[in-house]
Amino acid sequence: MRRSLATVAVVLLILVGGVALLYVARALMPATPVTASPSPTPSVGVAGATPTTSAPAPSSSSNPVSAALPGAERFAVIVDKPCAPPGTPPYVRREDRSQVIAPLGSGYLCQLNGAVSPDGRRLAYWHFESAGNSELALYQAGASSSTIIRLGDEFLSNVVWSADGTGLLFVAMKGGVQGVAPEYAALRTLDLASGSIQELTRVSGRYLAALAWDRPNRVTAAAETPASGGAGAYLVITEARAIKRNEMPARLILGRASPDATLMMAVSQPDGVIRYWPLANFDDQKELRPAAGSGAGIAAWRPGARELAVVVTTPPGSQAVELWSLDGTRKRLTEFSGQRGGLFFRPDGSALFIGGGAGVDVASGRVVQFTLAQGEGLAASMLASP
């Protein structure tokens, strides 16, 4: 069916305005204290959810990846598509061969906005089909996608899993694309077993980003930034909606929380120093400094270990990926030139993906380059089957 011009216009705003969503966690200007607001009741589906997509028959393009990483047959990767409007959705494919397992919806979003569960079996992601038809969907390894929350005319800013895999922490936003301040941004939790949604806080004219949910200790973390730029705030919010604000300098660029949601990490620029702290205690910061003359860029926590993969740059532009342990030990995994795309691990921490399409075996440092179509890039890793 022909999509309306209004829908295409919304999509163009999302594609162009995506920069605002991607960098919403960057520390910007101090804002006024946040208070909790009642939430409009969204439509929820968990048990017996409405199917969004079905896994197609195996693709005819299923050639094995040459010299695949050890254990590759157990895993899948999510691939972002080129973003030429109106865009096509990302898809799940096997890690060891170019066999497509499932597309992630049939909507316009070309890049993944989602998160893989701690056990690697599920992917929560934003599915945007048309104006007023936005939803948070759940893809289960080797199966199909189902709608878990109908967002209507809200956009999904981002989503993270609780450390125990039983719930989702997400930000739903009204407006807020192409440099326009959002009407509101709301931080909410979703209990997957019951479908219960709780809104923890809501702000107007500013952005929020979900960072972590330590469910056993009933505490979450989020970042708040104004639409105009400047310094922002690191928020610690309990499930009872008690909020502790911590003002952040603009030089502090937030990364992700550790997989167990106990530690938060950021990169301090321009000095290239990594800082980390307990999720609920922003003031208890420790530093990880690069070698003299070099700087730390993006970093990612390794699942199952107190370690970070760190992109280290040494002038005039040499780059390497190193494994930094919190106890001070370090290991160089590989050297490479150019950084495109993100940095993320397999769910079991055995392999690391860097740039637009390279994988590194953590044990040996061996690098495998994926063959992808022009404009495609790797976005996440998960199990290929339950």
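Below you will find a few notes about this structure. All of these numbers come straight from a predicted model, not from anything done at the bench.

Quick look at the overall build of the protein
And then number 1: Each helix and strand counted, the protein has 1 helix and 30 strands in total.
And then number 2: Counting over 386 residues, the protein shows a buried share of 53%.
And then number 3: In the protein, once contacts between residues fewer than 6 apart in sequence are set aside, the share between residues at least 24 apart is 49%.
And then number 4: Of the roughly 15900 Å² that the protein leaves accessible, carbon and sulfur atoms contribute 54%.

Regarding the packing of aromatic side chains
And then number 1: What the rule picks out here adds up to 8 aromatic pairs.
And then number 2: Each ring, one from Phe344 and one from Phe353, has its centre 5.2 Å from the other, and the planes form 20°; the classification is stacked.
And then number 3: Its relative accessible area of 1% is what places Phe353 among the buried residues.
And then number 4: Here the aromatic residues Trp126, Phe128 and Phe155 are joined through ring pairs into a cluster of three or more.
And then number 5: Sitting over the face of the ring of Trp324, Arg330 holds its NZ or CZ atom 3.7 Å from the ring centroid.

A closer look at the environment of Asp214
And then number 1: With respect to the helices and strands, the residue Asp214 is situated in strand 14 (residues 206–214).
And then number 2: For the pair Asp214 and Ala163, spaced 51 residues apart in sequence, the C-alpha separation works out to 5.9 Å.
And then number 3: With residues near it in sequence (within four places) discarded, Asp214 still touches Val219, Ala261 and Leu279.

Things to note about the sheet that holds strand 21 (residues 286–288)
And then number 1: The antiparallel open sheet is built from 4 strands, whose spatial order is 18-19-20-21. Bordering the open sheet on either side are strand 18 (252–257) and strand 21, each of which pairs with just one other strand. Direction aside, neighbouring strands of the sheet carry axes that sit 30° apart on average.
And then number 2: Here 3 bridges tie strand 20 (residues 273–278) to strand 21, and the two strands are oriented antiparallel to one another. From the neighbouring strand, Ile274 faces strand 21, where its bridge partner is Leu288.

With respect to the sheet that holds strand 15 (residues 219–226)
In sheet architecture, strand pairing relies on hydrogen bonds along the backbone and comes in two forms, parallel and antiparallel.
And then number 1: As summarised here, the arrangement of the 4 strands in space is 14-15-16-17, forming an open sheet in which the pairing is antiparallel. Edge strands, defined here as strands with exactly one partner in the open sheet, are strand 14 and strand 17 (243–247). Going across the sheet, the axis of each strand differs from the next one's by a mean of 20°, ignoring polarity.

Observations concerning the pattern of salt bridges
And then number 1: If you walk through the whole model with that rule in mind, you get 23 salt bridges.
And then number 2: Between Glu224 and Arg206 there is a salt bridge, with the nearest N and O atoms lying 2.4 Å from each other. Taken together, the residues Glu224 in strand 15 and Arg206 in strand 14 connect sequence positions 18 residues apart.
And then number 3: Of the residues examined, Glu224 reaches a relative accessible area of 1% and is grouped as buried.
And then number 4: When its relative accessible area of 15% is taken as the criterion, Arg206 is described as buried.
And then number 5: Here Arg332 and Glu335 are joined by a salt bridge, their closest N and O atoms 3.1 Å apart.
And then number 6: Here the residues in one salt-bridge network are Glu154, Arg188, Glu199 and Arg202, joined through shared partners.

What about the side chain of Glu199?
And then number 1: Topologically, Glu199 is positioned in strand 13 (residues 197–203).
And then number 2: By relative accessible area, which is 3% here, Glu199 ends up buried.
And then number 3: Engagement of the side chain of Glu199 in a polar contact is seen with the side chain of Arg188, the distance being 3.0 Å.

Observations concerning the pairing of strand 28 (residues 358–361)
And then number 1: Here strand 28 shows no split at all, with Ala358 and Val360 on one side and Gly359 and Asp361 on the other all buried.
And then number 2: When strand 27 (residues 351–354) meets strand 28, the two strands line up antiparallel, connected through 4 bridges. Residue pairing for strand 28: Leu352 is matched across the bridge by Val360.
And then number 3: Where strand 28 meets strand 29 (residues 367–369), 3 bridges bridge the pair, whose relative direction is antiparallel. Across the sheet, residue Ala358 finds its bridge partner in strand 29, namely Gln369.
And then number 4: The loop that links strand 28 with its antiparallel partner strand 29 comprises 5 residues; one of these, Gly365, has a positive phi angle of about 80°.

Some remarks on the environment of Ser258
And then number 1: In this fold, Ser258 is placed in the loop between strand 18 and strand 19 (263–268).
And then number 2: Here the alpha-carbon distance between Ser258 and Trp301, two residues 43 residues apart in the chain, equals 5.6 Å.
And then number 3: From its side chain, Ser258 meets the backbone nitrogen of Thr262 in a polar contact 3.3 Å long.

Some words on the pairing of strand 15
And then number 1: Along strand 15, 8 of the 8 residues are buried, which leaves the element largely enclosed by surrounding structure.
And then number 2: Side chains of strand 15 alternate between two faces, with Val219, Ala221, Ala223 and Thr225 and Thr220, Ala222, Glu224 and Pro226 buried alike.
And then number 3: Bridge count between strand 14 and strand 15: 8 bridges; the pairing is antiparallel. Looking at the pairing, Leu208 lines up with Glu224 of strand 15.
And then number 4: Remark: 4 residues form the turn of the hairpin made by strand 14 and strand 15, two consecutive strands paired antiparallel; Arg218 in that turn has positive phi of roughly 55°.
And then number 5: In terms of strand pairing, strand 15 meets strand 16 (residues 233–238) through 6 bridges, oriented antiparallel. Paired with Ala222 across the bridge in strand 16 is Leu235.
And then number 6: In this antiparallel pair of consecutive strands, strand 15 and strand 16, the connection spans 6 residues, and Gly229 shows a positive phi of 95°.

Analysis parameters
All chains use their own residue numbering, which begins from 1 and follows the written sequence. Two thresholds apply to this predicted model, a pLDDT of at least 70 for residue-level local features and 80 or more for giving and counting side-chain atom pairs, whereas whole-chain, interface and lining totals are computed over all residues. Hydrogen atoms and water are omitted, and side-chain values are computed over all heavy atoms in the structure. Each helix is a run of H or I in the DSSP string that is no shorter than four residues. Each strand is a run of E no shorter than two, and both are numbered from the N terminus. Only protein chains enter the accessibility calculation, which uses a 1.4 Å probe. A residue is then buried if its area is under 20% of the maximum for its type, exposed if over 50%, and partly exposed in between. What makes two residues a contact is simply this: any of their non-hydrogen atoms within 4.5 Å. Note on areas: these come from Shrake-Rupley sampling with a 1.4 Å probe, and a residue is covered only by the protein chains present in the view. Note on aromatic pairs: the rings of Phe, Tyr and Trp (six-membered ring only in Trp) are paired at centre separations within 6.5 Å, and the planes decide the class, stacked below 30 degrees, edge-to-face beyond 60, tilted for the rest. Placement of a positive charge over a ring is assigned whenever Lys NZ or Arg CZ falls within 6 Å of the ring centre and within 35 degrees of the normal to the ring plane. Between any two strands, at least two bridges found by DSSP are needed for them to pair. Every angle, taken between N-to-C directions, lies between 0 and 180 degrees, and every axis is a line fitted to C-alpha atoms, over only the stretch in contact when it is a helix. When a carboxyl oxygen of Asp or Glu lies within 4 Å of a side-chain nitrogen of Lys or Arg, that pair is called a salt bridge. By the criterion applied in these results, polar contacts are pairs of N or O atoms within 3.5 Å in which, for protein atoms, one can donate a hydrogen and the other can accept it, and in which residues neighboring in sequence qualify only through two side-chain atoms.

Geometric descriptors of this kind do not, in isolation, establish any biological role.
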